[in-house]
Structure formats: structure tokens, C-alpha cells
Amino acid sequence: MIPHRLLAIIRKEFVQMRRDRLTLAMMLLLPFVQLVVFGLAINTDVKHVPMAVLDYSQSSESRRLIQSFTNSDYFDVVAWPRDTREISDLIDSGSLKVGLVIDPDYARDVRAGRVARAQVLVDASDPITASSTLSNSAGIANILGVQLLGRYLRPGTPFTPPEMPVQIDVRGWFNPDLLTANYIVPGLIGVILSMTMMMITAMAIVKERETGTLEQLITTPIKTWELMIGKIVPYVLMGYTQMTIALLVGIYGFHVPVRGSLLLMYALTLVYIGCYLGLGLVISTVARTQQQAMQMAFFLFLPTILLSGFMFPRAGMPEWVQILTLVIPLTYYLEIMRGIVLKGVGLVALWRWVAPMMALMVAILGIAMLRFKKRLD
Amino acid sequence: MSDLVVDVRDLTRRFGSFVAVDRVSFQIPRGTIFGFLGPNGAGKSTTIRMLLGILPVSEGEGRVLGFDIRTSSEEIRARVGYMSQRFSLYEDLTVLENLHFFGGVFGLSGARLDQKVRDLVEMTRLEGFEQQLAQGLPGGIRQRLALAASLLHDPEIVFLDEPTGAVDPALRRYFWERIAELSASGRTVMVTSHYMDEVERCHDICFIHHGRILAQGSPGLLKSRHLPGEMWQVRTPVRAEVAAHLSRVPGVSGAFPSGEMVRYLLDPGFDPAAPAAALSASGLTCSAPEPAEPTLEDVFVALSRKRGAS
């Protein structure tokens, strides 16, 4: 049975939450706004990239290749330069990002079944456009290549596959369309939860310290764990609400497929929320004012989003930074969420991420409990 | 259980090198009103917070209701009420929500809690304010709400820290009536104040200054022990000059302004006519000296002067 004291705290937190309309509205709007901003504005699958085409082949085959590029929506042909020099000038001036150069022998090679060559020049000062262009043009070349290969298939004759016209590895196995939303949304849920859970918990307790109600609470027979749990439970529900809003926007607004189990996702999210609520509690035991609490939350938040792999792949970081990222709960939660949402994998495959995240939660809540003494000094 | 509900010996609290409470000892018998008197910063709140286990004790020992304040603060907290110096209820909760919350935290629930809240709303005259948020309430109503919140669990002792600190005279009177009622119903009240006049209603008084106890005892005892002689007063618009002048008259051991008066203590065996003659010779505007009832303020002035001189 839940003790009355605990219930009293939980009920009070809900009333206060409801009364602070501004904060409540922000908490509920945050997942929506964040998703729309990250999902629409920060879009790394770049479409309609301005492209120049230099066609030395001038054949029906080469026109078909150009058409494949323009049909993809990823590229718009904006210029027809006369030589490669002109292309590099256009790229230097920034008026276009990509140039397609088709070999004079292109049509002859295609007809002869040899490897036909085309060259893609890309403005590499914009790495996101560059990588997107590289993979998109490789994809286009492959599709075209498969179509061409079909010509050599004759009924009743043995099939010896010739070389593909272009052979480039395409990244994003689990995200073949290279849609940013698919990649961003699961991570963004983690980012939103980390920030709000940590901040809201820390602020709620520090506010009580500032206004003197904590002293009044301490003079009641309430136990440390009752106060802690009573403070945490309402915010766990708040976290789940935020996550649900973000998921709904992701699924219906950005068509993010959720391939794995929602139940597993919600269950593991509890561990993750526990980590950041615990960090909020720890902050509240250190910070004396709400302003300090806010600053400390931001202090922890920045490495969380920068190092966890949300913004930049961890594989690209120096080894010592990679070790550092192992104490960031979001590091594990990202893998878990991307695993469930994009790969559709289950607990067995995720266990190597779940176990350390649970260990982190136990450690953080343990520290919070130890520090969260019922004393004022 | 002993009849002393509070028994404190050599209680000391340091903050770094600052000694906020210095070897304080006092006892409070059950059912009495104990006045803890002294100026701001004298160590009154610090002492109460040690009794409640909010602040750890640096040195010394104390028992509240027989429980050791260093080890059994949980037991103590369940049995005592505390109204802190500043309003420390939830501003964003209504009057009723605050009372229900603190009642719940003290383990009350259901019909018992509802009844208790109704009784206290009536006793503290909060009818009509039940649904209002605490933050919009006038100071007096907030104080009454804080009093109600400290009484929810029928505490055996109530610690009231400056309940009349910033309230109007009518409310001060109201508070002292409630304090008298609590005492009449067998509860013990420890109340701090820096108003000397209102603590005349206490059974026992403890003067504290710079963390040290200057004197303690019943108001009558304090006056007879620390005011040897007669209190006199003169009415004057030039209080500082008159006080300074009187201080030089032999037999006048202390003269201080109080309201529109200057009060002074005439040591035993001296002629009351001498100060009067000295004043009229000075040419300062003032009325003729008249005998005055000794007050606790006189005691406090006499005590702090003696301490300052030594």
C-alpha cells in the first residue's frame, strides 16, 4: 500500500504542475516544436541540389543518365557548361554544388556492355550535401546499371554478370532513403527527455529550498525516500507524455517507421528517465538557487547532446572522448531507440546498451539518495 | 515521561568560527508558555532549528519529549508543530490544498483529515479564504494559515518562531489569545519574539543575546531580580538629551528612551527628588517624573547594559 505521506506529495506536485500553466504548456509543446524544427529545418537529406551537367557523350544513353538524376528530386540541372573548368568556377562561386560529367565514350561503352563512366564533382565544403550527393548519385548509377544489365538477360542463354557501370557503397543500411527524420526523431526523444527531466526535477526541489517550504517539509515525519519518489513520479508521467507527443509527431508528421516493440521502448525509457531525474536530484542537492540549478542543467546538457552521438557519430571522436561518452545515459538510449525504431530489434540485441544504462541509473539514483539528506546545512 | 517537555543543556551551534548559539541551557515544563526573547540574530531561530533536528548540534545535548535531538529527530518531528519565521507554505497552492497536503504528510487522511482541516479553518478564522492561493493572501491571513498548518497533527509542543514579527497589533493580540488557548488545553508552546511587551503572558522567559542566555525565569522573578529599585519615567520631546542628562545623576543606573518617555531605574536608597531637580535645573523640556510599572523591556535594557559594562 502506498503511504498517505507519499500520496500527499504526489498529489501536491500534480496540483502545482497544473497551476504553473506556462511551464506545463512549454513542457507539452516542447516535443512538438523540437520535432518540427529538427525534422524540417535541420534536414540532412538534401534535395534539389543545383547541378551542372557536362555531357561529352551527347547520346540517348547519356540523356537517360541525366534524366535519372533529375527524376530523383535530389538534383536540379541549372547549367550546361562547356568544359570542366567552367564547372569548377561555378562551384567556387557557390552558385552550384554538384557537377555531372559524362565521358565521350559513355554511349559506346553502354552499348558494348563495358563499364560506362560518369564523374560527379561535388562541393565538399558542405559535408552534409557532399555525403548526400555521393550516396544519391551512387544509388542512381546503380539503379540505372541494374536496368542496363537487364538487356543482357536472354532466355535460354547462360548468364555471366558483367561489371556494374558504377560501383559505390551506399551508406544507411537501415535508412535506405537517407531520411533525416528517421535518424533524428529517436534521438530527439532522448534529448528532450534528458533536458526536461533533469531541469524540472532540479528546479522543483531548489524552488522549495528557496521559498522555505523544504524546511517546513523537513520538520514533518516524511522520509527521504518518500519525498524523492513523491517528487519523481509525477515527472515520470510528464516524461512519458512528452515522449508520446514526440512519437506521434514523428510517426504521423514525418512518417518515421517504428519497426520494434513500443512496449519495450516505453519500458526502457523508464530506465533512461530515471537516469536524468536522478541527475536532477543530484543538481538540486548542490545548487542553492534556481538559477544555479538551471546553469548546472545546461552544463550537463551540452556534452549530452554533443558527445552522445546525437549530433555527431561517436566513431569519429578521439578514443578518450569515446570513453567519456560511456557515462552519458543518452549514449545508450540513442542506440536503444534507433535499434527499436529503425532496426526493429528486441531486448536480446539491445542488452549490451541496456545493461550499462541500468547500471548508470542505479549509480545516479544512489548518489542522489545519499546526497539528498533531510538536513539544511 | 518527565514533566519537562524540553530539556536543553549547553547547546552550542557554530557556523565556521561564528558561534550562533553559545552553551544555551533551559527547561520547559509541560503545558507552559515559554518565551524566547531577544533581538534579531540573537540565536532564537537557530536554537529552535536544532531542537527540531533541522540543524545539527555542534555541542551540548537536548531532549524534546524525552527524545534525543541529535538522534531521534524523526520521533520529535511527528509530535511537534513548527511555524517558521518566514511564510513557508506553498504559494501556488490554495489554503485548503496547503492544509490537506501538510495533513497528508503528517499521515492524516480521509474523514479525519477533513474534520481536522475544518476545525483549524474555523479556529484560525480562515473561512472565505479556503479556495484562494496562498500567494495572494494578506500577511495576517498567511500567518494564520501557517499557524493552522503547524497544528494539524495535534502536536504536544508548538514552536512558533516570531509569529508576530510583522503583523498588526490586532493580529498580535489574536496570536497571543491562541497561544493562551493552546496552553490551557495542555499543550506546550515555545514562542520567540523581539517584542518585550507581549511576552508578559509567558510563564517563563529566556533572554538571549548574541547567542547567550542573559537571564531566565518568570516575568515577575526577572523583574524583581534584575530591577533592584524603582522604575520612573518622564514624558519629553527631547528623549536623547534627557536620557543622557539623567544618566549622570547619582542613583540613576540606566536611562533609556521608550516611546514618548524616558524610563530610568532609581537604585534603592536614593531620593526620587534628585533626578527631578537635576532635570528642571537642566532647562530641558519634560514632565515631572512619575513612578512606572517595571516591564520586561526594562529588564532587557538593564541586562544588556550590565553585560555591555562587564
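Treat the numbers as computed from the prediction; the structure is a model and nothing was measured.

The rules we used
Residues numbered from 1 in each chain as written. Chains lettered and ligands numbered in written order. Predicted model: local features only at pLDDT ≥ 70, side-chain atom pairs only at ≥ 80, totals over all residues. Heavy atoms only, no water. Helix = DSSP H or I, 4+ residues; strand = E, 2+ residues; numbered from the N terminus. Buried < 20%, exposed > 50% of the residue type's maximum accessible area, 1.4 Å probe, protein only. Areas by Shrake-Rupley, 256 points an atom, 1.4 Å probe, with all protein chains shown as cover. Contact = heavy atoms within 4.5 Å. Buried area = accessible area lost by both parts, 1.4 Å probe. Salt bridge = Lys/Arg side-chain N within 4 Å of Asp/Glu carboxyl O. Polar contact = N/O pair within 3.5 Å; in protein donor to acceptor, adjacent residues only side chain to side chain. Nonpolar A, V, L, I, M, F, W, Y, C, P; charged D, E, K, R; others polar. Phe/Tyr/Trp six-rings, centres within 6.5 Å; stacked < 30°, edge-to-face > 60°. Lys NZ or Arg CZ within 6 Å of the ring centre and 35° of its normal.

Trainee: I'd like a description of the overall build of chain B, backed by residues and values.
Mentor: Looking only at helices and strands, one finds 10 helices and 14 strands in chain B. When each of the 310 residues of chain B is scored for burial, the buried share is 53%. Only carbon and sulfur atoms are counted for the fraction: they give 51% of the accessible area of chain B, which is about 12,900 Å².

Trainee: Any chance you could break down the interface of chain B and chain A for me, citing the residues and the numbers?
Mentor: Contacts between the two partners involve 31 residues from chain B and, on the opposite side, 27 residues from chain A. Across the interface of chain B and chain A, roughly 2,600 Å² is buried in total on both sides, 57% from carbon and sulfur atoms. A salt bridge links Lys207 of chain A to Asp92 of chain B; the nearest nitrogen and oxygen atoms lie 3.6 Å apart. At the boundary of chain B with chain A, the tally comes to 12 residue pairs in polar contact (both at pLDDT 80 or more). For the side of chain B that touches chain A, the elements supplying multiple residues, two or more each, are helix H2 (73–77) and helix H3 (95–105) of chain B. In terms of residue count, H3 of chain B provides more of the side of chain B that touches chain A than any other element does, five residues in total. A breakdown of the residues in the side of chain B that touches chain A according to their chemical character gives 16 nonpolar, seven polar and eight charged.

Trainee: Let's hear about the side chain of Glu162 of chain B: which residues, and what values?
Mentor: With respect to the helices and strands, the residue Glu162 of chain B is situated in the loop between strand E7 (157–160) and helix H6 (169–184). A distance of 3.3 Å separates the side chain of Glu162 of chain B from the side chain of Lys44 of chain B, its partner in a polar contact.

Trainee: So what's going on with the packing of aromatic side chains? Which residues, and what values?
Mentor: For the structure on display, the rule yields 13 aromatic pairs over all chains. Between Tyr272 of chain A and Tyr333 of chain A, the aromatic rings sit 3.9 Å apart at their centres with planes inclined by 5°, giving stacked as the arrangement. Separated by 61 residues along the polypeptide, Tyr272 of chain A in helix H10 (residues 262–286) and Tyr333 of chain A in helix H13 (residues 329–343) bring together distant segments of the chain. Ring plane angle 50° and centroid distance 5.4 Å describe the contact between Phe26 of chain B and Phe36 of chain B, whose orientation is recorded as tilted. Of this pair, Phe26 of chain B sits in strand E2 (residues 18–29) while Phe36 of chain B is found in strand E3 (residues 33–37), placing the two residues 10 residues apart along the sequence. Side by side, Phe26 of chain B and Phe36 of chain B carry an identical accessibility label, which is buried. Each member of the aromatic cluster is reached from another via a ring pair, and the members are Tyr272, Tyr276 and Tyr333 of chain A. The ring of Phe101 of chain B has Lys12 of chain A sitting right over it, with the charged end atom 5.2 Å from the ring centre.

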